[in-house]
Amino acid sequence: MAGNSQRKGATRKGASRKGPLVGTGGQQRKGLQGKGPTPKAEDRDKHIAAKRKRGAERREAALAKGGRTSAGPSSRGGRAPGRPVRRTGKASSEIVAGRNSVVEALRADIPVTAMYVASRIDSDDRVKESLKIASARGLNILETPRGELDRLTDGAIHQGLALQVPPYEYAHPSDLLAAADDAGQPALIVALDAVTDPRNLGAVVRSAAAFGGHGVIVPERRAAGMTAGAWKTSAGAAARLPVARATNLTRALESLQQAGCFVIGLDMEGDLELPELAMAHDPLVIVVGSEGKGLSRLVREQCDMIVSIPMHAATESLNAGVAAGVALYEVARRRSHGA
């Protein structure tokens, strides 16, 4: 019986633990209510994204007024050679940082919105030349604390000098045909397929301008754009020759074909060699692929003909800039000689 009493006690004790609990009377109801969606990082005052946003707004306001920017405490920068820095985000402007990069960009007459000079900068020949060119061009020269320059260049080695390059204004592919019509010439256009090196783009723009081309087309995605590096490599040709951006390169080529252009693709395994090309006097679009992968499948299928450049067997391939230059020269030679 004693054992039964213990079991009953255990049962009663367990039941008391599992029984109903005393409620809060609704006093915690407000704590259970939702507070709405979480604000974006840039909308939270103390978040680093919000601070960056406010800094960008201050810089834009200073540029609009042509005045100076202000920022926090200064810090010393390194003296290693600078490099261009691509800034991403809603604003597609580019920052070129470093004394060598800045002076070379100014020498190449790259479009510039403003030049940032660190307060109490240690001047040398590059700084003096940069200031001289910027003053002659009437650029905004903004004296900027080093801490602000650090943030502006995303921590790159700026050596107290930086340039802001405005977004490039791309043409439409149809504008290139209009340029050929205005010149009274059969169109000569270069289209780049997945060429990602801005220096190759700059070299193609330079060659197209030299050999009578009417423009260059680049895809909107997965391709090099007209950055400061491309401007510099073009050696000023980018100021004279339009560069168009196509949302879909295959469709752009199709539209050019419907407008009367003959589209040829450059590839090692071509249907014929470049010297055998018979339509140099016709409106022509030369498509150049990337050095590693060549022409993409869809772009290759869209071409009217695949043409190869004859080379020595020991040479495997040419980069996009050289290949485009060779093809453009051959077309220009034939057009000038009536061949």
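Our structure is the block above this text.
Calculation rules
- Residues numbered from 1 in each chain as written.
- Predicted model: local features only at pLDDT ≥ 70, side-chain atom pairs only at ≥ 80, totals over all residues.
- Heavy atoms only, no water.
- Pairing = 2+ DSSP bridges.
- Helix = DSSP H or I, 4+ residues; strand = E, 2+ residues; numbered from the N terminus.
- Contact = heavy atoms within 4.5 Å.
- Axes fitted to C-alpha atoms, helices over the stretch in contact; angles between N-to-C directions.
- Expected span 1.5 Å × (residues − 1).
- Buried < 20%, exposed > 50% of the residue type's maximum accessible area, 1.4 Å probe, protein only.
- Arc of directions from axis to C-beta.
- Left-handed = near helix turned anticlockwise from the far one by under 90°.
- Nonpolar A, V, L, I, M, F, W, Y, C, P; charged D, E, K, R; others polar.

*Asks:* Just give me the short version of the sheet that holds strand S9 (residues 262-266), but keep the residues and values in it.
*Replies:* With parallel pairing, 7 strands are arranged side by side in an open sheet as S8-S7-S6-S11-S9-S12-S10. Two strands bound the open sheet, and with one partner strand each, they are strand S8 (243-246) and strand S10 (272-273). With 6 bridges connecting them, strand S6 (residues 188-193) and strand S11 (residues 284-289) associate as parallel partners. Across the sheet, the residue bridging to Ala-191 is Val-287, located in S11. This element, helix H8 (residues 198-210), spans S6, strand S7 (215-219) and S8 of the sheet and lies at about 155° to S7. Across the sheet, helix H10 (residues 249-258) lies against S6, S7, S8, S9 and S11, angled at about 160° from S6, the strand it touches most.

*Asks:* Any details on helix H5 (residues 125-137)? Residues and values, ideally.
*Replies:* An α-helical segment advances 3.6 residues per turn. Residues three or four places apart therefore align on the same side. Taking 1.5 Å per residue as the helical rise, H5 with its 13 residues ought to reach 18 Å, and the 18 Å between its terminal C-alpha atoms agrees with that figure. Of all the residues in H5, the buried ones are Val-127, Ser-130, Ile-133 and Ala-134. Seen end-on, H5 carries its buried residues on one side only, within an arc spanning 135°. Opposite the buried face of H5, by more than 90 degrees, sit the exposed residues Asp-125, Lys-128, Lys-132 and Ala-136. Check the buried side of H5 and you find it contacts helix H4 (99-107), strand S3 (114-118), strand S4 (140-144) and strand S5 (161-165). At the C-terminal side of H5, Gly-138 shows a positive phi close to 70°.

*Asks:* Report on the packing of H4 against H5, specifying residues and quantitative values.
*Replies:* Look at H4 against H5: their axes get within 9 Å of each other, and the N-to-C directions meet at 35°. In the packing of H4 onto H5, the handedness of the crossing is left-handed. Residue-level contacts link Arg-99, Asn-100, Val-102, Val-103, Leu-106 and Arg-107 of H4 to Arg-126, Val-127, Glu-129, Ser-130, Ile-133 and Arg-137 of H5. Residue composition of the contact of H4 with H5, by class: 5 nonpolar, 2 polar and 5 charged.

*Asks:* Kindly report on the pairing of S3, identifying the contributing residues and their values.
*Replies:* With 5 of 5 residues buried, S3 is to be regarded as a mostly interior element. Side chains of S3 alternate between two faces, with Ala-114, Tyr-116 and Ala-118 and Met-115 and Val-117 buried alike.

*Asks:* Which residues make up unusual backbone geometry, and what values do they have?
*Replies:* Its identity is not glycine, yet Asp-109 carries a phi of approximately 60°, on the positive side. Of note, Asp-109 is situated in the loop between H4 and S3. Residue Asp-109 is classed as partly exposed on the basis of its relative accessible area, which comes to 48%. The phi dihedral of Arg-222 falls on the positive side, at around 50°, and the residue is not glycine. Within the secondary structure, Arg-222 is located in the loop between S7 and helix H9 (228-233).

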